[in-house]
Amino acid sequence: MRHSTTRLTVAQALVRFLAAQYTERDGVRHRLIAGTWGILGHGNVAGLGQALVEAGEDVMPFHQGRNEQAMVHAAVGYARQRDRLSTQAVTTSIGPGATNLVTGAALATINRLPVLLLPGDYFAAHPADPLLQQLEHPVEADVSVNDTLRPVSRYFDRITRPEALIPSALNAMRVLTDPAETGAVTLALPQDVQAEAFDWPEEFFAERVWRVRRPAPDPAELAEAVRAVRAARRPLIVAGGGVHHSGAEEALKAFVDATGIPVASTQAGKGSLRHDHPADLGGIGHTGTAVSDDLARTADLVIGIGTRYTDFTTASGTLFQNPGVRFLNLNITAFDAHKMAATTLVCDARAGLTALTEALAGHRVDAGYEAEYRAGKERWEQLVEAAYRADDDSAVPSQTQVLGALDAVVGDEDVVINAAGSLPGDLHKLWRARSPRQYHLEYGYSCMGYEIPAAIGVQQAAPDVPVWALVGDGTYLMMPTEIVTAVQEGLPIKMILVQNHGYASIGGLSESVGAERYGTAYRYRAADGTFTGAPLPVDLAANAGSLGMEVLRAKTVGELRQALRTARASDRPVCVYVETTTDPRAPAAPPAEAWWDVPVAEVAAREAAVAARERYDREVAARRRHL
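Treat the numbers as computed from the prediction; the structure is a model and nothing was measured. (Residues numbered from 1 in each chain as written. Predicted model: local features only at pLDDT ≥ 70, side-chain atom pairs only at ≥ 80, totals over all residues. Heavy atoms only, no water.)

Novice: Could you clarify how one ought to interpret helix α16 (residues 399–409) in this entry?
Specialist: In an α-helix, one turn spans 3.6 residues; hence positions three or four apart end up facing the same way. For α16, the tally of buried residues reaches 10 of 11 residues, placing the bulk of the element in the interior. Taken as a whole, α16 has its buried residues at Q399, T400, Q401, V402, L403, G404, A405, L406, D407 and V409. (Buried < 20%, exposed > 50% of the residue type's maximum accessible area, 1.4 Å probe, protein only. Helix = DSSP H or I, 4+ residues; strand = E, 2+ residues; numbered from the N terminus.)

Take a look at the structure:
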């Protein structure tokens, strides 16, 4: 029996296929590929570009980007806001357009967030070599610059024949929708193959639903986990991003309400409990709170839920110091569940927490332990208040006072986005997360330039929600280009642009490791050749205005408060520009409560480096391997 076919180009077939893909979880259906970002060039304009215009906006919405890396960040922000159940595709030309995807792809894969990458590639038929922008490899003729995407993709294929698209596209969707495997998926598309016609089976274009599973815990693993929790006297939960990805926040709250076990959060997991829940202790690790880190040092059972245990979380292996500490890891990915030589519970976070709550019925931590961590939480809240407090409306604000002013303006539904610089540390310690999606920190890759395009993606995913991008001057100079996209699309993102004349975070780190803040300030060269002269006369607010943003300049605390209120009410992209004080007496975040390993020069002539090495040797001696 002959099956009906449709003659389309490879690019046309791919667009039609993507428009028919859906996810379903808990009975709710979502479109998997909600739109396509693109910068069109000779490697994709005649293939995917033509296919997109032929399909039309109703079939596949198109978003015009300005930087390929930023387009991936926007798609990632969209996917995170949609709980990984929906994402976007990104198409580029060959050559630099394709290699610009690599940083964004690494960010997506490290953070376990789905994005589909469709870079153009060289001619599969090799009619002429070399082509414009072609990398010639002397011994591997099938290598192209797109191969740089292999190590940062969860799935990669180069479509060298039309019929090869069918299995590859299906595998791409499988990986994008697999909660344990997801990340960047790359289908490299040679430009001649994109335009080649083929008779496609109609079944390829049928609506297809990819069910996002919630695997339940294995009974034997569950029983062992229950024994571990019942035996613990000082258990501590470390909530990671997997809590959010699973939509397990209510299940976590039910577990905590029943057992009294406190919760400390990674950057990705913050907001798993509301900040005012009595068991929410805030961030953990190098940028964590004092109460979280104090409990971590004495915990006899650490219950990791959806966390990867990065070095910031573990204080580079120095945080969990109880000689008898053991780990119980609930994670949908076995690779992460087995970290720290843990007892494993490989399952969906919501399913696992629900099963644990039921199996532990009647179990609760000692009342004295609850009183201890609640008192520690109260002491930390007093430090937050001190860091936020701004009694003089005429004063130039500090960075923490900027956060305090924002804290007073946002509602539960607002989303606050950040990724790099000194702000992630201050936010992790101080921010009062009021809802599961409010705290949006990209700290798996900590990528400068993420914030503005991610805000665009989040705004597309949640058009009625106020979205804030917190950006330092260093990050702004990395990638302000997508401001133009926000203006073009009428997306009312709110950007807080903090000017402190350099790399504040790295400047502080540089000083602590004996590098004396060398090369971290945005200043003129002094007579000795160092960057210690007057601040550069840049006007970033004017730059943002030139790209189409409404700009509100705030010089004082009072002006900042008014500007933030105005920005939140605005229906167009708006920038609040504020230069923070250099007064060392101004309110600031408490210092780090735990160590972070940045190796220091073992031999040096300068006194600062010698002293830093002595401190390093003392700290590193506390590192342990959990076996």
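Novice: Help me out: how do you make sense of the packing of helix α3 (residues 68–81) against helix α5 (residues 101–110) in this one?
Specialist: A packed helix pair is summarised by two numbers, namely the angle formed by the two axes and the spacing between the axes. In contact at an axis separation of 7 Å, α3 and α5 are set at 20 degrees when each is read in the N-to-C sense. Viewed along their axes, α3 and α5 adopt a mutual orientation that is roughly parallel. Crossing handedness for the pair α3 and α5: right-handed. Only L101, T103, G104, A105, L107 and A108 of α5 make contact with α3, whose side of the interface consists of E68, Q69, V72, H73 and V76. Here the contact of α3 with α5 is built from residues that sort into 6 nonpolar, 4 polar and 1 charged. (Axes fitted to C-alpha atoms, helices over the stretch in contact; angles between N-to-C directions. Parallel < 35°, antiparallel > 145°, perpendicular 65-115°, else oblique. Left-handed = near helix turned anticlockwise from the far one by under 90°. Contact = heavy atoms within 4.5 Å. Nonpolar A, V, L, I, M, F, W, Y, C, P; charged D, E, K, R; others polar.)

Novice: Explain the pattern of salt bridges here, please?
Specialist: Two side chains carrying opposite charge are able to pair once their charged atoms lie near each other. Counted by the stated rule, this structure contains 37 salt bridges. Residues D26 and R350 are paired through a salt bridge, measuring 3.3 Å at the closest nitrogen-oxygen approach. Here R350 lies in helix α14 (residues 349–359) and D26 lies in the loop between β2 (21–25) and β3 (28–31), a separation of 324 residues in the sequence. Using a relative accessible area of 46% as the deciding quantity, one classes D26 as partly exposed. (Salt bridge = Lys/Arg side-chain N within 4 Å of Asp/Glu carboxyl O.)

Novice: Explain a nonpolar patch on the surface to me, please; I cannot follow it from the model alone.
Specialist: Taken together, the side chains of Y524, L536 and V538 present a nonpolar region at the surface, about 250 Å² in accessible area. Considering the arrangement of structural elements, one finds Y524 in the loop between α21 (504–512) and α22 (540–546). Given a relative accessible area of 43%, Y524 falls into the partly exposed group. (Patch = residues over 30% accessible without salt bridge, like charges linked within 9 Å, V, L, I, M, F, W, Y side chains within 5 Å. Areas by Shrake-Rupley, 256 points an atom, 1.4 Å probe, with all protein chains shown as cover.)

Fair warning: the whole summary comes from geometry, so function is off the table for now.
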